[in-house]
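Remarks on the overall topology
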Amino acid sequence: MSVIKPLSISALALVVALGVAGCASPASDSTDGAASEGPVRIGVVGAGDPYWATYVEAAAAEGIEVELVDFTEYTQPNPALSADELDLNQFQHIIYLATYNVNSADDLQPIGATAIYPLGLYSSQYDAVEDIPEGATVAVPNDESNQARGLLVLQSAGLIELEDGGSIFSTVADVLPGSKVTVEALDAAFTATSLPDVAAAIINNDFVEDAGLSFDDAIATDDPSDPSAFPYINIFAAKAADADNPTYQRLVEIFQTDQAVLDGLQEASGGTAVFVTTPASELVASLTDVEDDIRANQ
């Protein structure tokens, strides 16, 4: 494992040292000799979800000390990983990572899959999509990948029409005149808090329960089991030089196979998670394809 520099990330990042007695020792034989010096720092969004504590304990049982670094914004974990302030992160899907890599000239790599989650449309004013009136405002996340996905949800729900039928590169500017609603792009962390002021909002899973909502409250979602959802697989990411690190790979396996972790993740997702164990080689191939598409569309 690379030497970890002192944290210089913003005060919004809270180091969550979920300590377990005796977990500070190097990795045991169960990691095939893949001992690491000090804890493996993993950047996440939503470290307060109980399954993360379960995961830290499962890793400690195999002699791997994990320290979670909790971020409040999606824009923070990738730069922190690139700056060696983290060893891994786990918060994003392939399209988000591809967008970051292209825009930042970086080469972070997926090393393991976790799950696909449906992206939902929520409202505090209306019980069904059909009830949303003409000309109402609907909020979507403003980051490129989630904005496009949210717009596709709105199109599938009949609220908007997108230029050329929409794609993973669609933006608010592609909403065609004559669409039933107008669309406003907000930071993903704020779409939920905007509900009192808008007819509905696309809310990322990480923020649904924090806003006092249930996943069952969604009035529209996309389909995570559709083959077109592959680039939305959530992943563990590492620096390219660390992609073959056996300790990191074992941490992916623990996440994918520990039943208590999976049960906790499913509970946290409101029963919406579709677990996947796609090989890293396929994740990397998808990342490369999406990066090429992004460059071609710039």
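Please refer to the structure higher up on the page.
Residues numbered from 1 in each chain as written. Predicted model: local features only at pLDDT ≥ 70, side-chain atom pairs only at ≥ 80, totals over all residues. Heavy atoms only, no water.

**Thoughts on the environment of Val274**
Condition: A helix here means a DSSP run of H or I that spans at least four residues, while a strand means a run of E at least two residues long, and both kinds are numbered starting from the N terminus. Residue contacts are counted whenever heavy atoms from the two residues lie within 4.5 Å of one another.
Topologically, Val274 is positioned in strand E13 (residues 274–275). For Val274 and Tyr117, which are 157 residues apart along the polypeptide, the C-alpha to C-alpha distance reads 6.4 Å. Residues contacting Val274, with those up to four places away along its chain left out, are Thr114, Ala115, Ile116 and Pro224.

**Observations regarding the nonpolar core**
Note the cut-off: To define a nonpolar core, start from buried Ala, Val, Leu, Ile, Met, Phe, Trp, Tyr and Cys residues and group those joined through side-chain atoms within 4.5 Å. For every residue, the accessible area (1.4 Å probe, protein chains only) is compared with the maximum for its type, and the residue is labelled buried under 20%, exposed over 50%, or partly exposed between those bounds.
Counting 41 residues, the largest nonpolar core has Tyr74, Leu97, Ile203 and Ile233 as its most contacted members. Of all the elements in the fold, those that place two or more residues in this core are helix H2 (77–82), helix H3 (94–104), strand E10 (200–203), helix H5 (205–208), strand E12 (234–238) and helix H8 (280–296). Per element, the largest residue contribution to this core is seven residues, and it comes from H3. For Ile203, the contacting residues outside a window of four places in its chain are Leu119, Gly120, Tyr122, Thr191, Ala192, Leu195, Val208 and Leu213. Residues Tyr51, Ile64, Tyr248 and Val261 belong to the second largest nonpolar core, which totals 29 residues.

**Side note on the sheet that holds strand E7 (residues 120–122)**
Our working rule: In short, DSSP must find at least two bridges between two strands for them to pair.
The five strands lie next to each other as E9-E8-E10-E7-E11, forming an open sheet whose pairing is mixed. On the outer flanks of this sheet lie strand E9 (182–186) and strand E11 (220–221), each paired with one strand and no other. In this structure, E7 lies alongside E10, joined through three bridges in antiparallel fashion. Looking at the pairing, Leu121 lines up with Ile202 of E10.

**Observations concerning the packing of aromatic side chains**
Test applied: Within 6.5 Å between ring centres, the rings of Phe, Tyr and Trp (the latter by its six-membered ring) count as paired, and their orientation is classed by plane angle as stacked under 30 degrees, edge-to-face over 60, tilted in between. A ring is scored as having a charge over it whenever the NZ atom of a lysine or the CZ atom of an arginine sits within 6 Å of its centre and within 35 degrees of its normal.
A full pass over the atoms with the stated rule returns eleven aromatic pairs. Ring geometry for Trp52 and Tyr55: centres 5.6 Å apart, planes at 80°, overall edge-to-face. With Trp52 and Tyr55 both in helix H1 (residues 50–60) and three residues apart, the pair spans about one turn of that helix. Just as Trp52 is buried, Tyr55 falls in that class too. Three or more aromatic residues link up through ring pairs in this structure, and these residues are Tyr51, Trp52, Tyr55, Phe236 and Phe255. The lysine or arginine in question, Arg149, covers the ring of Tyr232, its NZ or CZ lying 4.3 Å from the ring centre.

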